[in-house]
Amino acid sequence: MNTVVNPYGLTMHTQRDALYAELHSRPFQVISSTARVSYLAVMMNGEQKKQDFQHFIGLYQRYGVVPPAQDSVCLEVSFGDVRIRRESHLEFISYTIINEGAPFLADPFANNGLSCLPKDWVGGMVGTVVSAFHVAIEDARQQPEPELAQVKSYFEGMRLVGSRPQNGDAQVWTTFQVHSDGCGRTLVYNRNMSDSQLGRMVQRLIEIESYRLFALLGLPMARYYNQRLANMDQKLADLTAQLAETKDEIDEQEVLEQIIDMAAWVEAARAKTTFRFSATSAYHDLVLKRLAELKEDEVSGHLTITEFMTRRLTPAVRTCKATSEHLENLSRRIDRVSDMMRTRVEMSIQSQNQHLLASMDRRSKIQLAMQHTVEGLSVAAISYYSIGLLKYLIEAAYDNGAPINKSLAVGITVPLVIGGVWWATRRIHKRFLKLAKE
């Protein structure tokens, strides 16, 4: 790592310059009145962003301008009267096309920023367009604002949302709807704003329209899972009641399989929705912040942008948040039911083990009793054969003239042999018990 030392001899952090540059990576536009602005927000993955950069370089080559060597967070280039800004965001690429010099027609949306670019280049963009709209800027200081009926005709007769941002220094009209050209429309009359102030306000309007659409991307997903979460809730409630109320034996394997299936479904749903719902919350916060920065005044008889957004956008975001919390709560409930089922299984296993140990204990006692019986029989058998052997010895000695009473000698050996065999058997038994205890 290279060490950076300033003129005072201080060692600077290697990323210090990059941190400074980050604050200036997306400067506000400076837009003059009159102007036509078009905005595109195109959702792309990482590979598509690389392809889009090469596609953007192709536009440089068409106009004979030296392209940038590498991609950046924000790239800006002018082709005559047309200025294009390309910005890279987390999940989309945005294009802001500003036309400040082309001839403007009576209809402010007849000649827009996109119409100044080659159609084949625009049509060759990769990714999926989420937000596409035009902003027409008129100078109310040079030309008076038209009547409301005329303004409404510019929006194809759709219902208008009106606002006077920056404490009345501008008049903004929009519909937040898609028009016949597939794009949204916003009309701005500049009453008392400088070019830099106008640029900042237009940037806020662009971000409000763009971010609110990205925030709403989570709503269809929330509605999809809400329908299924109700069924999953009921299924889990029935299973919990079965475990709590039944006194009979249950198929534990089947119950565990049901719990595993529910847990797998919930975790899969969380994996699919976590990013989208988190993004929805983040985009919503940005929209609310930009709305506060507009400092709107009311237009009589019309909803302001803030009123329109908070009326429709906020409930949708809350739906996404509620769905996310529902998934989290369901996951915790399944964990508790799983713990309860595991406890039940463990108690069942312990009960089986106790019965098994009791059965083994009974068998051990039976075996011990049988062992004592066998020992008694073995003493009798060994004594019988031993006495028979001794009888042969006594008879042989008597036949060879030994002065003994044969019958008495045999009778005396009987208790001696039995006692000796019994004593030897007990010694062997005690020795084995001692070895078993060690």
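Quick caveat: nothing in here was measured; it's all calculated off a predicted structure. (Residues numbered from 1 in each chain as written. Predicted model: local features only at pLDDT ≥ 70, side-chain atom pairs only at ≥ 80, totals over all residues. Heavy atoms only, no water.)

### Quick notes on empty space enclosed by the protein
Going through the model one piece at a time under the given rule, you end up with two cavities of 30 Å³ or more. Taken as a whole, the largest cavity holds about 70 Å³ of empty space. The wall of the largest cavity is formed by Val 172, Thr 174, Phe 176, Thr 186, Leu 205, Ile 208, Glu 209 and Ile 305. Of all the secondary-structure elements, those providing two or more residues to the lining of the largest cavity are β9 (170-174) and α6 (195-216). The element best represented in the lining of the largest cavity is α6, accounting for three residues. Its residues assigned to classes, the lining of the largest cavity shows five nonpolar, two polar and one charged. (1 Å grid on protein atoms, 1.4 Å probe; cavity = no way out; pocket = protein on both sides within 12 Å on 5 of 7 lines; lining within 4 Å. Points joined across faces, edges and corners; volume = space filled by probe spheres on them. Helix = DSSP H or I, 4+ residues; strand = E, 2+ residues; numbered from the N terminus. Nonpolar A, V, L, I, M, F, W, Y, C, P; charged D, E, K, R; others polar.)

### Some words on the sheet that holds strand β10 (residues 184-190)
Read across the open sheet, the eight strands follow the order β4-β5-β6-β3-β7-β10-β9-β8; overall the sheet is mixed. Because the sheet does not close on itself, it has two edges, and the strands there are β4 (74-79) and β8 (161-163). For this sheet, the mean inter-axis angle between neighbouring strands, taken without regard to orientation, is 15°. Inspection of the sheet shows strand β3 (residues 35-43) paired to strand β6 (residues 92-99) by eight bridges, in the antiparallel sense. Bridged to Met 43 within β6 is Phe 92. (Pairing = 2+ DSSP bridges. Axes fitted to C-alpha atoms, helices over the stretch in contact; angles between N-to-C directions.)

### A short note on the pairing of β4
Here six bridges tie β4 to strand β5 (residues 82-88), and the two strands are oriented antiparallel to one another. Paired with Cys 74 across the bridge in β5 is Glu 87. Between the end of β4 and the start of β5, which pair antiparallel, lie two residues, with Gly 80 showing a positive phi angle near 70°.

### Notes on a nonpolar patch on the surface
Among the surface-exposed residues, Leu 356, Leu 357 and Met 360 lie close enough to one another that they form a single nonpolar patch of about 290 Å² accessible area. Residue class for Leu 357 comes out exposed when judged on its relative accessible area of 56%. (Patch = residues over 30% accessible without salt bridge, like charges linked within 9 Å, V, L, I, M, F, W, Y side chains within 5 Å. Areas by Shrake-Rupley, 256 points an atom, 1.4 Å probe, with all protein chains shown as cover. Salt bridge = Lys/Arg side-chain N within 4 Å of Asp/Glu carboxyl O. Buried < 20%, exposed > 50% of the residue type's maximum accessible area, 1.4 Å probe, protein only.)

### Considering a negative patch on the surface
On the surface, Asp 251, Glu 254, Glu 257 and Asp 261 cluster together to form a negatively charged patch. Note that Asp 261 resides in helix α8 (residues 252-294). Among the residues examined, Asp 261 registers a relative accessible area of 52% and is labelled exposed. (Lys, Arg positive; Asp, Glu negative; His and termini not counted. Charge placed at Lys NZ, Arg CZ, Asp CG, Glu CD.)

### Thoughts on the packing of α6 against α8
Running from N to C, α6 and α8 point in directions that differ by 155°, and their axes come no closer than 8 Å. The angle between α6 and α8 places the two elements in the roughly antiparallel class. Our pair here, α6 against α8, has a crossing hand that is left-handed. Residues Met 201, Arg 204, Leu 205, Glu 207, Ile 208, Tyr 211, Arg 212, Phe 214 and Ala 215 of α6 lie in contact with α8, whose contacting residues are Arg 276, Thr 280, Tyr 283, His 284, Leu 286, Val 287, Arg 290, Leu 291, Glu 293 and Leu 294. Partitioned by chemical class, the residues of the contact of α6 with α8 number eleven nonpolar, two polar and six charged. (Parallel < 35°, antiparallel > 145°, perpendicular 65-115°, else oblique. Left-handed = near helix turned anticlockwise from the far one by under 90°. Contact = heavy atoms within 4.5 Å.)

### So, helix α2 (residues 46-62)
Between its first and last C-alpha, α2 extends 25 Å over 17 residues, near the 24 Å set by a 1.5 Å rise per residue. Restricting attention to buried positions, one finds in α2 the residues Lys 49, Asp 52, Phe 53, His 55, Phe 56, Ile 57, Gly 58, Leu 59 and Tyr 60. Structurally, the start of α2 carries an N-cap: the backbone nitrogen of Glu 47 is 3.2 Å from a side-chain oxygen of Asn 45. Looking at the residues trailing α2, positive phi occurs at Gly 64, about 70°. (Expected span 1.5 Å × (residues − 1). Polar contact = N/O pair within 3.5 Å; in protein donor to acceptor, adjacent residues only side chain to side chain.)

### Let's talk about the nonpolar core
If you look at the biggest cluster of nonpolar residues, it comprises 34 residues, and the most contacted ones within it are Ile 31, Ile 137, Val 188, Met 201, Val 202 and Ile 305. Listed by contribution, the elements that provide at least two residues to this core are β3, β6, β7 (128-139), β9, α6, α8 and α9 (305-399). The dominant element in this core, judged by the number of residues it contributes, is α6, at nine residues. In contact with Ile 137, other than residues within four places in its own chain, are Ile 31, Ser 33, Thr 34, Ala 35, Arg 36, Val 37, Val 188, Leu 198 and Val 202. Residues Phe 56, Leu 75, Val 82 and Ile 84 belong to the second largest nonpolar core, which totals 22 residues. (Core = buried A, V, L, I, M, F, W, Y, C linked by side-chain atoms within 4.5 Å.)

### Some thoughts on the side chain of Arg 86
Take Arg 86: it is sitting in strand β5. For Arg 86, a relative accessible area of 0% translates into the label buried. A distance of 2.8 Å separates a polar atom in the side chain of Arg 86 from a polar atom in the side chain of Asp 71.

Distances and angles like these do not, on their own, reveal function.
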